[in-house]
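Each chain, letter by letter, is given below.
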Amino acid sequence: SSVDNSVLPLSAIQIPENNLNGILPYEMFTEFSDIRILTLDGNQIVGTFPSEVGILSSLEILDMDDNNLEGTLPNEVYDLNKLKVIDL
């Protein structure tokens, strides 16, 4: 029998070095709140690091290195109890 992939939760977003640019949309965090891995390094993402990252309570790996983010890390990051690796 086959598995219907549309009902499986998304566990990772890995899009390194793909020339993504602009500000991270709020929906990225609200629509994919169960992800464990977020890898967007080596893109051209700008702006401040969104506080909505705190929604990602299952996040274990966060890699946003080599982008154009500015400002300080939001306090919500420190509440991510499962976070093991962070590369900014």
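Source: prediction; values computed, not measured.

### Points about the sheet that holds strand E4 (residues 44-48)
Sheet strands associate in pairs through backbone hydrogen bonding, adopting either a parallel or an antiparallel arrangement.
Logical step 1: Pairing within the open sheet is parallel, and its three strands lie in the order E2-E4-E6. At either end of the open sheet lies a strand with only one pairing partner, and these are strand E2 (21-22) and strand E6 (68-70).

### A word on unusual backbone geometry
Logical step 1: Even without being glycine, Asn19 reaches a positive phi, approximately 60°.
Logical step 2: Mapped onto the secondary structure, Asn19 falls in the loop between strand E1 (12-14) and E2.
Logical step 3: Non-glycine residue Asp66 carries a positive phi angle of around 60°.
Logical step 4: Here Asp66 is to be found in the loop between strand E5 (61-63) and E6.

### Description of the pairing of E4
Logical step 1: Pairing of E2 with E4 involves two bridges; the strand directions are parallel. Bridge pairing in E4 places Asn21 opposite Gln44.
Logical step 2: Sheet topology note: the E4/E6 ladder contains three bridges and is parallel. Bridge pairing in E6 links Val46 to Asn68.

### Focus: the sheet that holds E1
Logical step 1: Across the sheet, four strands lie side by side as E1-E3-E5-E7; this open sheet has parallel pairing. The open sheet has two edge strands with one neighbour each: E1 and strand E7 (85-87). The average undirected angle you get between the axes of adjacent strands in this sheet is 10°.
Logical step 2: Judged from the three bridges that link them, E5 and E7 form a sheet pairing that is parallel. Paired with Ile61 across the strands is Val85, a residue of E7.

### Structural notes on the side chain of Ser58
Logical step 1: Following the sequence through the fold, Ser58 ends up in the loop between E4 and E5.
Logical step 2: Non-local contacts of Ser58, meaning those with residues more than four positions away in its chain, are made with Asp34, Ile35, Arg36 and Lys82.

### Quick look at the environment of Leu80
Logical step 1: Assignment of secondary structure puts Leu80 in the loop between E6 and E7.
Logical step 2: What makes Leu80 buried here is its relative accessible area of 6%.
Logical step 3: Linking Leu80 and Ile55, residues 25 residues apart in sequence, is a C-alpha distance of 8.7 Å.
Logical step 4: The contact partners of Leu80, leaving out residues within four places of it in the chain, are Val53, Gly54, Leu56, Ser57 and Leu59.

How each quantity is defined
Residues numbered from 1 in each chain as written. Predicted model: local features only at pLDDT ≥ 70, side-chain atom pairs only at ≥ 80, totals over all residues. Heavy atoms only, no water. Pairing = 2+ DSSP bridges. Helix = DSSP H or I, 4+ residues; strand = E, 2+ residues; numbered from the N terminus. Axes fitted to C-alpha atoms, helices over the stretch in contact; angles between N-to-C directions. Contact = heavy atoms within 4.5 Å. Buried < 20%, exposed > 50% of the residue type's maximum accessible area, 1.4 Å probe, protein only.

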